[in-house]
Amino acid sequence: MERRTPTAPRKFLSTLTLLHMALTAGPIVVGLIFYYNTPIQEYNTTQGDIFIYIFPLIGLIGVLASTFMFKALTKNIGNKQRLQEKLASYQSASLIRYALLEGPALLNLVWFSNTGNLLYLTVAGVLVLLLLLQRPTKL
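Residues numbered from 1 in each chain as written. Predicted model: local features only at pLDDT ≥ 70, side-chain atom pairs only at ≥ 80, totals over all residues. Heavy atoms only, no water.

Trainee: Help me out: how do you make sense of the overall build of the chain in this one?
Mentor: Assigned secondary structure in the chain consists of 4 helices and 0 strands. Taken from N to C terminus, the helices and strands of the chain fall in the order α-α-α-α. Taking the principal axes of the C-alpha coordinates as reference, the chain spans close to 55 × 30 × 25 Å. Every one of the 139 residues in the chain was classed for burial, and the buried ones make up 32%. (Helix = DSSP H or I, 4+ residues; strand = E, 2+ residues; numbered from the N terminus. Buried < 20%, exposed > 50% of the residue type's maximum accessible area, 1.4 Å probe, protein only.)

So this is what it looks like as structure tokens:
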């Protein structure tokens, strides 16, 4: 059975917005829970921990990968015949974009809960902010 995507633009936009909100709410809720339950250590970058470089780098790779993958996946949408195929391709590309921002944010939040270092919370906050800026809108 073929997966059906709503073809009415308003219905499609509301579905994509709902998916975006659900994926954005996860890191926000987890971040708030971890923030209130983790003893804070300020920005500790002198402990010689290699993860101080790895986790922010994972966040940067997530940002670059989300942009690259979205552009690659939406490049040939105009060649598709039916509107339903175009909308399904755009929705898939958008969900991959959101996931590539959400994953590193959650990873940084988990490491923040383990260390209490605000650097990881800041990286996660920037990723969530970028995720919020990707909210689907009418063009």
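Trainee: What is the right way to read helix H3 (residues 83–115) from this model?
Mentor: Taking 1.5 Å per residue as the helical rise, H3 with its 33 residues ought to reach 48 Å, and the 48 Å between its terminal C-alpha atoms agrees with that figure. Two residues or fewer after H3 comes Gly 116, characterised by a positive phi angle close to 80°. (Expected span 1.5 Å × (residues − 1).)

Trainee: Where do I start with the packing of helix H1 (residues 9–37) against H3 in this structure?
Mentor: Pairs of packed helices are described in terms of their axes, by the angle between the two and the distance that separates them. Here H1 crosses H3 at 5°, and the two axes come no closer than 9 Å. It follows from the interaxial angle that H1 and H3 lie roughly parallel. Split by residue class, the contact of H1 with H3 holds 17 nonpolar, 7 polar and 1 charged. (Axes fitted to C-alpha atoms, helices over the stretch in contact; angles between N-to-C directions. Parallel < 35°, antiparallel > 145°, perpendicular 65-115°, else oblique. Nonpolar A, V, L, I, M, F, W, Y, C, P; charged D, E, K, R; others polar.)

Trainee: Just checking my understanding: could you explain the confidence of the model for the chain for this structure?
Mentor: When pLDDT drops low, the exact placement of atoms in the prediction is not to be read closely. Per-residue pLDDT for the chain has a mean of 88; in total, 91% of the residues score no lower than 70. Within the chain, the lowest mean pLDDT, 92, falls on H1, and the highest, 95, falls on helix H4 (residues 118–133). (pLDDT = per-residue confidence, 0-100.)

Trainee: Could you clarify how one ought to interpret the nonpolar core in this entry?
Mentor: Soluble globular proteins tend to pack their nonpolar side chains together in the buried interior. Ranked by size, the top nonpolar core spans 10 residues in total: Phe 12, Leu 16, Leu 87, Tyr 98, Leu 101, Ala 105, Val 123, Leu 127, Val 128 and Leu 131. Phe 55, Phe 112, Leu 121 and Ala 124 belong to the second largest nonpolar core, which has 9 residues in total. (Core = buried A, V, L, I, M, F, W, Y, C linked by side-chain atoms within 4.5 Å.)

Trainee: So what exactly am I meant to see when it comes to the packing of aromatic side chains here?
Mentor: For any pair of aromatic rings, the description consists of the separation of the ring centres together with the inter-plane angle of the planes. For the coordinates displayed, the defined rule picks out 7 aromatic pairs. Measuring from ring centre to ring centre gives 5.5 Å for Phe 51 and Phe 55, while their planes differ by 40°; the resulting arrangement is tilted. With Phe 51 and Phe 55 both in helix H2 (residues 51–74) and 4 residues apart, the pair spans about one turn of that helix. A relative accessible area of 7% means that Phe 55 is categorised as buried. An angle of 75° between the planes, with centres 5.7 Å apart, marks the rings of Phe 70 and Tyr 90 as edge-to-face. Highlighted residues: Phe 70 in helix H2 and Tyr 90 in helix H3, separated in sequence by 20 residues. A relative accessible area of 13% places Phe 70 in the buried class. One aromatic cluster is present, built from ring pairs that chain together Phe 51, Phe 55, Trp 111 and Tyr 120. The aromatic ring of Phe 70 is capped on one face by Arg 97, whose charged end is 4.1 Å from the ring centroid. (Phe/Tyr/Trp six-rings, centres within 6.5 Å; stacked < 30°, edge-to-face > 60°. Lys NZ or Arg CZ within 6 Å of the ring centre and 35° of its normal.)

Trainee: What exactly am I supposed to notice about a nonpolar patch on the surface here?
Mentor: Judged by side-chain polarity, Ile 28, Leu 32, Tyr 35, Tyr 36, Ile 40, Leu 129, Leu 132 and Leu 133 come together as a nonpolar surface patch covering roughly 810 Å² of accessible area. Listing elements by their share of the nonpolar patch, those giving two or more residues are H1 and H4. Here the nonpolar patch gets 4 residues from one element, more than from any other, and that element is H1. Assignment of secondary structure puts Ile 40 in the loop between H1 and H2. Owing to a relative accessible area of 37%, Ile 40 belongs among the partly exposed residues under this scheme. (Patch = residues over 30% accessible without salt bridge, like charges linked within 9 Å, V, L, I, M, F, W, Y side chains within 5 Å. Areas by Shrake-Rupley, 256 points an atom, 1.4 Å probe, with all protein chains shown as cover. Salt bridge = Lys/Arg side-chain N within 4 Å of Asp/Glu carboxyl O.)

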